[in-house]
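Descriptive structure summary
The lines below spell out each chain.
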Amino acid sequence: MRRWLAALVVAAGPWLAPAVPAGAQAVAPAAAPAAAAPAPATVQNALRAVESELNLLLGRYATPLDVAALLDAGWRGVVEAAPGAPAGAAAPFAPDREAAWADFGARFRAAAGTPGADPGALARAANRAMARSVGDCHTAFAPSHERELLSFDGSGRYGGVGASVADPGTFEPRPPGPLVVQVTEDGPAQRAGVRAGDAVLEVDGADAVGLTPSRLVELVRGEPGTAVRLRLDRPGEAEPVEVTVERALLDVRPVEGRLLSVPAPAGDRVTSTLTAAPGPARYQVGYVSLREFSRAAEAALPAKLEELRAAGATHWVLDLRGNRGGNLNTFTRLASLFISEGTLAVTIDRDGAEAAIRAEGASFRPYTRPLAVLVDRQSASAAELLAADLQEYGAARLFGATTAGCFGTSRLFRLPDGSALWLTVSALQSGLERRDVHRVGLEPDEAVSRSRGELAEGVDGPLARALAWVVERG
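Residues numbered from 1 in each chain as written. Predicted model: local features only at pLDDT ≥ 70, side-chain atom pairs only at ≥ 80, totals over all residues. Heavy atoms only, no water.

Here we come to the nonpolar core. Among the nonpolar cores identified, the biggest contains 40 residues, and Leu290, Leu301, Leu318, Leu320, Phe331, Val373 and Leu390 are the most heavily contacted of them. A per-element tally of this core places helix α10 (residues 382-392) first, with seven residues. In this structure, Leu47, Ala82, Phe108 and Leu421 belong to the second largest nonpolar core, which totals 35 residues. (Core = buried A, V, L, I, M, F, W, Y, C linked by side-chain atoms within 4.5 Å. Buried < 20%, exposed > 50% of the residue type's maximum accessible area, 1.4 Å probe, protein only. Helix = DSSP H or I, 4+ residues; strand = E, 2+ residues; numbered from the N terminus.)

Take a look at the structure:
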C-alpha cells in the first residue's frame, strides 16, 4: 500500500539563479547517476511469478482458457505499468502455448531489464491483468498471500479505513467513481468525514475513477497508522471534497443485529440508523446483518439469532447486502440454520465431476419465520447461494437488487514472489433447482432500488419494504 506524498514542484525563473562573482566560472551541478538496469536474476524471478500464474489459469481454472488471450492481457498490464515498454507491444501472441510464452518472456525481459525498471511491479501488473481478463469475480490477483490467508481464516483484523465501496455502474445516474455504500460507525473513515454516497475520485493523488472496487480496496488498505488521502465527489457539493484518513487496525464483526419495533403497516422510509421505536401495537423484528461467511460467523450468527429471539423477536430480516461470500463450509453451517434438510449446493469441477452439499439438520432454527432477505449488486458467491436456496425452499422472500452473478468455488494459490491468486476451480449450482447464476445474478422477488441520494440521506427503501412484508405476515 502506498502512503501519500505531496510533491512540491518549484519553477525557478532567472530571478532565482544564484549570483556568480565577476571573473568566476559557474560550475554546472553534477548530473545524477544513471539508474542501473535490474540484475538478470531479478528479472527472471519476476517472470517466474507470471509463469506460475499462467500455469494455474491454464491448468486449474474451472473451464479451459485461451493462452493467447491471457498473455495479451498480461502484456497490456506490463505496458500500462511501464510506458517505456518496447515497440511492438500490440502484436498478438500465437495460439501455441510454448511459442506464446517464449514471445512473452522475450518482451518481458526487454521491458523489465531497462534501467530504472521494477521487474516485480511489472510482474504484479501482468498477473493482475491476466486474472482480471477472465471476467470472473472469484478469480483475482492479490498482492499478499499472507494477508489473504489471514482474511480467509477469519482473523477479522486488517489495516484499513472502515468503508465499503460499490461499482458505480450499478447506480443510475452513474456516479463519477467507485461509490461508498457503507461507513463503519466511529471508524477512521467516518471520523475523517467520509460519508455513504461519496464517490471516490482519487486515492493519494492517483485517478480512481476507472478502478474496480477490489482494486480500490488494495490501494486504500495498508499499515495501521499510515495515512491515505481521498478526493471525493459528494452529492450537494459543487467542488470535490478532500479528506485524509489515518488507517487503523479494524476489527471486522461478521454479524451485527438489533431488535426493531415496527408498527403495522410499516412506513415506506426507514433510516439506516435502525433505531428501535417504542410504543404498543408493534411487531418485534430481529434484524441481522451477515457481512461475510468467515469462520467467526459460524458462532456469531446463531448466537445473534438466539439473543434476538430471547429479546422477543417474532419476525426476521436477514441483510446480505455487501456480503461478498467466503468459506464454503461456513456457508453450509449457516444455511442449515434456515433450511432443515435437502441439498444446498452442487459443485462441478473442470472434468465434470459433481459433488452435493447437504443441510445439517441439527443446526436448524425453526423460529426464523417469516423471513425477509435483503440483497444488492454487492451480494456475491455464498451470499447469492444462500439467497437462492432460501428462495427455492420457500424459506424467505428476497428484496433489493439483482445480485453480483459471482457463482463458483475458488482456491487460494501462493505465487513465487509472495503474491497470490484466487482461482475459480469449480462451477456452482443452487441446491433445489440447480440454478447457475454466474455472470447473470439472482433476481429478488421484489426489486427495490436504492439511489445514491438515498444512501447519502440514510434512507433505506429495501429495508422498509422488507419490514412491511414481514409484519404483513401477521
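Time to look at the packing of aromatic side chains. Applying the stated criterion across every chain, the model contains seven aromatic pairs. Centre to centre, the rings of Phe104 and Phe108 are 6.1 Å apart; their planes meet at 20°, and the pair counts as stacked. Highlighted residues: Phe104 and Phe108, both in helix α3 (residues 97-112), separated by four residues, approximately one helical turn. Among the residues examined, Phe108 registers a relative accessible area of 0% and is labelled buried. Each ring, one from Phe293 and one from Phe331, has its centre 6.4 Å from the other, and the planes form 50°; the classification is tilted. Residue Phe293 is found in the loop between β11 (282-290) and α8 (295-310), and its partner Phe331 is found in helix α9 (residues 328-335); the two are separated by 38 residues along the sequence. For the pair formed by Phe293 and Phe331, the shared burial category is buried. (Phe/Tyr/Trp six-rings, centres within 6.5 Å; stacked < 30°, edge-to-face > 60°.)

Looking now at the sheet that holds β11. If you trace the six strands from one edge of the open sheet to the other, you get β10-β11-β12-β15-β16-β19, paired in mixed fashion. Strand pairing shows two members of the sheet lacking a second neighbour, β10 (255-263) and β19 (446-447), which therefore form its edges. Both β10 and β11 contribute to a ladder of nine bridges, which runs antiparallel. By the bridge assignment for β11, Leu260 is matched with Val285. Contacts from α8 reach β10, β11 and β12 (315-319) within the one sheet, and its direction differs from that of β11 by about 170°. Its contacts with the sheet place α10 against β12, β15 (371-375) and β16 (397-400), and it is angled at close to 145° to β15. (Pairing = 2+ DSSP bridges. Contact = heavy atoms within 4.5 Å. Axes fitted to C-alpha atoms, helices over the stretch in contact; angles between N-to-C directions.)

Further remarks concern the state of the cysteines. Counted under the stated rule, the structure contains one disulfide. In this model, Cys137 is linked to Cys406 through a disulfide, with the two sulfur atoms separated by 1.6 Å. Taken together, the residues Cys137 in the loop between α4 (119-133) and β1 (140-142) and Cys406 in the loop between β16 and β17 (409-414) connect sequence positions 269 residues apart. Exposure remark for Cys406: the relative accessible area of 3% places this residue in the buried category. (Disulfide = S-S within 2.5 Å.)

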